[in-house]
Amino acid sequence: MNETDKSKQAVSAGENITSPARRRFLGSTAAVGAAGLAGAAGMGAMTRSTPAHAAPAKGGLNYHIAPGELDTYYGFWSSGQSGEVRIMGVPSMRELARIPVFNRCSATGWGQTNESLAVLGDSAKFQNGDLHHVHMSYTDGKYDGRYLYVHDKLNTRVARIRLDIMRCDKMVTVPNAHAIHGLRVQKAPKTGYVFANGENIVPLPNDGRHLDEPEHYWSVFTGIDGESMEIKWQVWVDGNLDNCNADYSGRFAASTCFNAERGVTLADKMRFERDWVVVFDIHAIERAVANGDFIKIDGCEVPVVDGRGKNPYTRYIPIPKNPHGINATPDGKYLIANGKLSPTCSVIDTRMLPDLFEDKVELRDVVVAEPELGLGPLHTTYDGRGNAYTTLFIDSQVVKWNVEDAIRHYKGEQVDYIRQKIDVHYQPGHLNASLAESSEADGQWLMVLSKFSKDRFLPVGPLHPECDQLIDISGDEMRLVHDGPAFAEPHDCIIVRADQVKPMAIYKRDDPYFAQCRAWAEEDGVILERHNRVVRNGNKVRVYLTAIAPEYGMDKFTVKQGDEVTVIVTNLDRIEDLSHGFAIINYGVSMEVNPQQTSSVTFVADKPGVYWYFCTWFCHALHMEMAGRMLVEPA
Ligand code: K7E
Ligand code: CUA
């Protein structure tokens, strides 16, 4: 029996998670996960490990949501290389819906409908994306339920999701940057800016004039207006920007930078013992842009402020090598950078940042604690009671620690700042507690997104799901209460109170989402809510269809081979949940048409013959009969 078999048996026999076989398995996972992180070794064994609880503990929060009951929180999950956002119910961990963004969606027609293509714009040529971070808009440090903002590491984009309809309505490609990784939004007074980190260093401009000349490689930090989604400015910086965050005053943003060396190979990037947290003074950047104190990179209109070296816009705070996540405490006092290759987190006092920019304090003075937490700290979250929770990637643990005690310890007091360590399964990346990214952190639920699931679920072939683990943090001790599998690959999530999101039940007929359809109808003298009509203009044909369960307004329409056909479908049903679809057999056309929505799709009728169209959402007892024929006359 090999090692894996043994550990599987141990689990099925109901042995404790900390049984020797299981721990060996965990250890081998850690070794794999640590490949390339060998430089981080040197930490002692874990302290005070608590076995994971498999069952709800007495006195803990209730995570069982009975049939018909509703969750108390919404979770918004990123999905990494799947390119979408997922909506989860918390604490049940039920997946409620998916919002397509950088991917393509067979069900909704995202990437095919004219409405989605208008959002995708020039980047519609890309079929994929890598969506790591999802954050909600704020007003005065609290979630305001207007928008979600997300980014695409793969094709260097930032997008916005309207939370009333849960659909993406804006997308921009960020110039001069090469992969957007860290993304956060201004928390106060209101979003405000969306901040986007350029990850990889490339020549500026990256037009082929410089190739294998790393001395010309740079990255940029981008400020985007969250309302218009216009790119307002960029800051030219040193090194690769990793994650970012914003403070609660609205004046500062900060990014971890893991390549102060500006290296292009793995060995180069690990050379220095220190990298940086780069702090951005947003007000100073705005003044520079207003005063014309910027440059433009060839071929791009965005003002670029030079934030390299000593300058009025940025400060480079040295912190231990190759940091990863950076997280603001809900009280606004601290920004905590996670060490990754260092077993520490660096606690930056945000109240000292104004002095730092006036050079009244030294760079390292603003670091007020650097607690040793364990191996591979990646991300930190909070309970609103002064405790921080940090993922330890290599140790496969979450460590709970007290921020003020860590600060006292740093000043030389003999206090223990570690409160508890709990095993998670396995190799956790992001974690987030309920409302912890806002000033209303409520210390109820902690979600830990583990990168490896190994033996936690039934095997599904070589590609395993991720393992999202729900931990009750309402008491003194963390208690693991639920494992949820997730397909590739949520990096991050936020958990918000159910009352902070107010989705619409049916569309409003004047929704800007289908303004283009409305404009076409006006041109053609058609009333979308009433008329069923084929309007020809040369070889361009618009087909207006209404849908009301279980019928389309026309049971056939005729076009000619070679016509460019636009089908515009309006769902006249006013009943919540009564969605229709529109799909044409052997034409690869399929889209959603939700209650009171208008959707459109354009294609070339290149094949003559009879093609049935049908409704894809089961809307009525006669749903199967909700169909019609497209007759394509031969040319
Ligand atoms: Cu995976 Cu936020 Cu892209 Cu950390 S990032 S894990
Ligand atoms: Cu309409 Cu099914």
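Residues numbered from 1 in each chain as written. Chains lettered and ligands numbered in written order. Predicted model: local features only at pLDDT ≥ 70, side-chain atom pairs only at ≥ 80, totals over all residues. Heavy atoms only, no water.

Novice: Please set out the nonpolar core residue by residue, giving values where relevant.
Specialist: Ranked by internal contacts, the top residues of the largest apolar core, which has 61 residues, are Phe76, Val101, Met136, Leu148, Val150, Val158 and Ile224. With 5 residues, the top contributor of residues to this core is strand S6 (residues 142-152). Leave out the neighbours within four places in its chain, and phenylalanine 76 touches Arg86, Ile87, Val134, Met136, Leu148, Leu163, Met166, Asp492, Cys493, Ile494, Val496 and Val501. One finds Val541, Val559, Val593 and Met630 within the second-largest nonpolar core, a separate group that totals 28 residues. (Core = buried A, V, L, I, M, F, W, Y, C linked by side-chain atoms within 4.5 Å. Buried < 20%, exposed > 50% of the residue type's maximum accessible area, 1.4 Å probe, protein only. Helix = DSSP H or I, 4+ residues; strand = E, 2+ residues; numbered from the N terminus. Contact = heavy atoms within 4.5 Å.)

Novice: Describe the site of ligand 1, with residues and values.
Specialist: The environment of ligand 1 is made up of His132, His133, His181, Asn243, His324, His379, Gly429, His430, Lys451 and His491. Its residues placed into classes, the shell around ligand 1 shows no nonpolar, 9 polar and 1 charged. (Near = heavy atom within 4 Å. Nonpolar A, V, L, I, M, F, W, Y, C, P; charged D, E, K, R; others polar.)

Novice: Describe the UniProt feature "binding site: Cu cation Z1" (unreviewed entry) in the chain, listing the residues and the values that go with them.
Specialist: Under the present numbering, the feature "binding site: Cu cation Z1" (unreviewed entry) in UniProt falls on His324 and His379. For the annotated residues, spread through 56 residues, the largest C-alpha to C-alpha distance comes to 7.2 Å, consistent with a single compact locus. As for its position among the elements, histidine 324 is in the loop between strand S18 (314-320) and strand S19 (326-328). Assessed through its relative accessible area of 14%, histidine 324 is described here as buried. Look past the residues within four positions of histidine 324 in its chain and what remains in contact with it is His181, Asp242, Asn243, Thr256, Asn338, Lys340, Leu378 and His379. A distance of 3.5 Å separates the side chain of histidine 324 from the side chain of asparagine 243, its partner in a polar contact. If we ignore the near neighbours within four places in the chain, the residues touching histidine 379 are Asn243, His324, Gly325, Asn327, Asn338, Tyr389, Thr390, Thr391, Gly429, His430 and Leu431. (UniProt positions renumbered as here; feature names shortened; annotations may be inferred. Polar contact = N/O pair within 3.5 Å; in protein donor to acceptor, adjacent residues only side chain to side chain.)

Novice: I'd like a rundown of the layout of surface pockets, residues and numbers included.
Specialist: Here the largest pocket defines a volume of roughly 730 Å³. Lining the largest pocket are 23 residues, and of these Ala97, Ile165, Met166, Met504 and Asn594 lie nearest its centre. A total of 4 residues in the lining of the largest pocket trace back to one element, the largest contributor, which is strand S4 (residues 94-100). Classifying every residue of the lining of the largest pocket by side-chain character gives 14 nonpolar, 3 polar and 6 charged. (1 Å grid on protein atoms, 1.4 Å probe; cavity = no way out; pocket = protein on both sides within 12 Å on 5 of 7 lines; lining within 4 Å. Points joined across faces, edges and corners; volume = space filled by probe spheres on them.)

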